[in-house]
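If you want the building blocks of each chain, they are given just below.
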Amino acid sequence: MQLNLVLLAALLVAATTTPTFAQHDHDHAHHQHAHVHGVAKLDVAVDGGNLSLHLESPLEGVLGFEHAPRSDKERATVAEMRKKFADAGKLFAPTTAAQCRLKSVQVEAPSLDAKPVAGQKAAAEHADLDADFLFICTQPAKLTGLDVRLFQAFPNLRRVEAQVVTGKGQKAVRLSSKMRFLSW
Ligand SMILES: [Zn+2]
C-alpha cells in the first residue's frame, strides 16, 4: 500500500511537470492500463463448493512481451502460455482434501489479436491478460487454502497481490515464490 502511494505521488508529479507526456497518456487511455511489471493480482472467491479465481497480469509477466506476436518464436510463446493456463490445475492447487477439480478456464488478452498499426510504437504500449478459473470442490468444508504455483510457470512474475473472499470474511496477502501458499 505504501509503495502504491509512492507510485501515485510519482505519477502525479510526472503528470503536472510534463504536460506533453500527460497528453500522450490521455490519448491512449482506453488501450493502456496502469500496471507494474512482475506484479499480478489474484482475486479468490470461495462460495460453497465453488472456488473462483480471477487473475490479472501484465502480459510481460506471463509472456515477456505485450504485443501481438510478430515472429514464430513469439507465436510459440503465446501458444505455450495458453497451454499453461488451460492446464490450470498445475498452476493452482487447492487443499487436496477438498477434492476440487478444474471446471472452466477463460483467458482474455485482446492485444494479442490486435493487428499491427503502421507507425505505431508498440514498445510504448502496455497490455494485460485477464483469466478466470473455476474449480468445483466436493468437500468444501475442507477447503482452507490454495498453493499458487504461478511463479514456477511464469518466472517473470515476482509478486502476486492476492485478495481472498470467503463466507468468513476477506483478507489480502502478498505472495512470492518463497511465500506462495494462500490460506484462509
Ligand atoms: Zn507493461
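On a predicted model such as this, the values are computed, not experimentally measured, just so you know.

Chemist: Hey, could you go over the overall build of the protein chain for me, with residue numbers and the actual values?
Modeler: A count of helical and extended segments in the protein chain gives 5 helices and 9 strands. Starting at the N terminus, the α and β elements of the protein chain follow one another as α-α-β-β-α-α-β-β-β-β-α-β-β-β. Residues counted as buried form 24% of the 184 residues belonging to the protein chain. Taking contacts inside the protein chain between residues at least 6 apart in sequence as the whole, the part at least 24 apart equals 68%.

Chemist: Pulling in residues and values, what's your account of the pairing of strand β7 (residues 159–166)?
Modeler: The sheet contact formed by strand β1 (residues 39–47) and β7 spans 7 bridges and is parallel. Bridge assignment links A45 to a residue of β7, and that residue is V165. Across 7 bridges, the pairing between β7 and strand β8 (residues 169–175) is antiparallel. From the neighbouring strand, V164 faces β8, where its bridge partner is K171. Here β7 folds back onto β8, and the loop between the two strands holds 2 residues.

Chemist: Which residues make up the sheet that holds strand β3 (residues 92–94), and what values do they have?
Modeler: One open sheet holds the 3 strands; their spatial order is β3-β6-β9, and the pairing between them is antiparallel. Every interior strand has two partners, whereas the edge strands, β3 and β9 (181–183), have only one. Looking at each pair of strands side by side, their axes are set apart by 20° on average, direction ignored. Note: strand β6 (residues 145–148) against β9, 3 bridges, orientation antiparallel. Paired with L146 across the strands is L182, a residue of β9.

Parameters at a glance
- Residues numbered from 1 in each chain as written.
- Predicted model: local features only at pLDDT ≥ 70, side-chain atom pairs only at ≥ 80, totals over all residues.
- Helix = DSSP H or I, 4+ residues; strand = E, 2+ residues; numbered from the N terminus.
- Buried ≥ 20, exposed ≤ 12 C-beta atoms within 10 Å, placed from the backbone.
- Contact = placed C-beta atoms within 7 Å.
- Pairing = 2+ DSSP bridges.
- Axes fitted to C-alpha atoms, helices over the stretch in contact; angles between N-to-C directions.

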